[in-house]
Amino acid sequence: MNQRFDTILKSGTVVNQDGEGIRDIGISNGRIAAIGGLGQASAGETIDCKGLHILPGVMDTQVHFREPGLTHKEDLETGSRSAVMGGVTAVFEMPNTNPLTVTEETFTAKIKAGHHRMHCDFAFFIGGTRENVNHLPELERAPGCAGVKVFIGSSTGALLVEDDESLRRIFQVIRRRAAFHAEDEYRLNDRKPIRVEGDPRSHPIWRDETAALMATQRLVNLARETGKRIHVLHISTKEEIEYLRDHKDVASCEATPHHLTMAAPECYERLGTLAQMNPPVRSADHREGIWRGIEQGIVDVLGSDHAPHTLEEKAKPYPASPSGMTGVQTLVPLMLDHVNAGRLSLARFVDLTSAGPARLFNIACKGRIAAGYDADFTIVDLKRSETITNKWVASRAGWTPYDGVRVTGWPVGTFVRGKRVMWQGEVATPSTGEPVRFLETLKA
Ligand code: DOR
């Protein structure tokens, strides 16, 4: 019997749990229906993928898309356009919007605003605060919720829970893995006078490695005390990597492309406040320490921490300049360039961007190329060299710290639940993004 599919991806090099090999993929009703030699089968559309690598859809588990309230920087449409242009099939978006995403009402409004307006699939974190702590058990189980996010050191926006007593209350009531911005607020406040007006090289000296390590240690201790799981976002120090090696039972962690690619003081001398980010990009030995965390399997996921601000805002003299840079669109090309340079295997890249997020966050039917799973793919040309430019960046902020950087390895196609949402730099309309499904929220 001849099989018939909606779409066949023909002869791509498929990278999945089997390893790497040339295969066809049959897609029906947005799901992967068959993998293998499908030469006898027919399809509504057959797409030649010869010479291309088909990866499980890349999930970026930390982005800030600024809607509502800060939409002059980004919104859910522009941010997700940037995502799919960069080969990203799903994003987890952060709660430091205005108003903050801390109530059922603000959360539900975001889900509604993203539905079929975002180009990729999406989940939103709910901000954990002193005020909403009693509601977190229901809020964290809302469909489309990635879990609770807490800032324990202040960054962009008003979210902050800095003291152990309030943090303990949050830990006690929640069930899911929660995500943390780990910098110790008390130390950051004490060290504020260290900042040098007009000199962003003082940023990593003010927000030093001890502030990051202290915060991560406090979180691990609270997780142990309360029997909960934590996810430490954007690790910036070699000390945290060494420390987390011994706490993998309770703590997972994320690395970002900028902490793996840039180093101080060079990045501040070249890019000024464009390189200003929290936690900061630090010296090359920290960068090497985070790479060791990648090699040793300590790092679980990559997240871009896409944090757009306009060029006018970034042009304010340090420290009035806001922290953050775009990143969702450059995650795949930058990391493929590291693959080509021999610093990372393609298998580990897939582990960090698909299997890793699925494992940590209990995502239903994403993160693998397997029959029955969502047909989410990041299709890349590993040999293609391109120059990253501001013009290419679809984010409303309109800039990237990698403007002018030449990379080898490029996203050429993005498939979300069987739909080709980006192909060779063209984004398809209408957009069809939907909430990511989590095992803990399958039942509404
Ligand atoms: O540099 C940063 N910018 N770090 C954060 O944690 C927040 C982000 C933002 O939202 O601008």
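- The name recorded for the protein chain in an unreviewed UniProt entry is Dihydroorotase, from Bradyrhizobium jicamae.
- UniProt lists a comment for the protein chain under the heading Cofactor (unreviewed entry), and it reads "Zn(2+)".
- UniProt annotates the protein chain under Sequence similarities (unreviewed entry) with the comment "Belongs to the metallo-dependent hydrolases superfamily. DHOase family. Class I DHOase subfamily."

### Thoughts on the UniProt feature "domain: Amidohydrolase-related" (unreviewed entry) in the protein chain
Then comes step 1: In the numbering adopted here, UniProt assigns the feature "domain: Amidohydrolase-related" (unreviewed entry) to residues 54-421.
Then comes step 2: For residues 54-421, the helix share is 34%, the strand share is 18%, and the end-to-end C-alpha distance is 15 Å.

### Section: the site of the ligand
Then comes step 1: Of all residues adjacent to the ligand, which total 15 residues, the nearest are Arg66, Asn96, Thr156, Asn278 and Ser323.
Then comes step 2: Here Gly324 contributes a backbone N or O atom positioned 3.5 Å from an oxygen atom of the ligand.
Then comes step 3: Considered on its own, the ligand offers 290 Å² of accessible surface; in the complex 100% of this is hidden by protein.
Then comes step 4: Per-class residue counts for the shell around the ligand are 3 nonpolar, 10 polar and 2 charged.

### Some remarks on the packing of aromatic side chains
Then comes step 1: Going through the model one piece at a time under the given rule, you end up with 10 aromatic pairs.
Then comes step 2: Seen in terms of ring centroids, Phe92 and Phe125 are 6.1 Å apart; in terms of plane orientation they differ by 70 degrees. Their pairing is edge-to-face. Of this pair, Phe92 sits in strand β7 (residues 88-93) while Phe125 sits in strand β8 (residues 121-127); the two residues are 33 residues apart in sequence, bridging distant segments of the chain.
Then comes step 3: With relative accessibility at 0%, the residue Phe92 sits in the buried group.
Then comes step 4: Residue classification places Phe125 among the buried positions, given a relative accessible area of 0%.
Then comes step 5: Between the aromatic rings of Phe122 and Phe124, the centroid separation amounts to 5.4 Å while the plane-to-plane angle is 35 degrees, which identifies the pairing as tilted. Like Phe124, Phe122 is buried.
Then comes step 6: Three or more aromatic residues link up through ring pairs in this structure, and these residues are Phe92, Phe125, Phe361 and Phe438.

How each quantity is defined
Residues numbered from 1 in each chain as written. Predicted model: local features only at pLDDT ≥ 70, side-chain atom pairs only at ≥ 80, totals over all residues. Heavy atoms only, no water. UniProt positions renumbered as here; feature names shortened; annotations may be inferred. Helix = DSSP H or I, 4+ residues; strand = E, 2+ residues; numbered from the N terminus. Near = heavy atom within 4 Å. Polar contact = N/O pair within 3.5 Å; in protein donor to acceptor, adjacent residues only side chain to side chain. Areas by Shrake-Rupley, 256 points an atom, 1.4 Å probe, with all protein chains shown as cover. Nonpolar A, V, L, I, M, F, W, Y, C, P; charged D, E, K, R; others polar. Phe/Tyr/Trp six-rings, centres within 6.5 Å; stacked < 30°, edge-to-face > 60°. Buried < 20%, exposed > 50% of the residue type's maximum accessible area, 1.4 Å probe, protein only.

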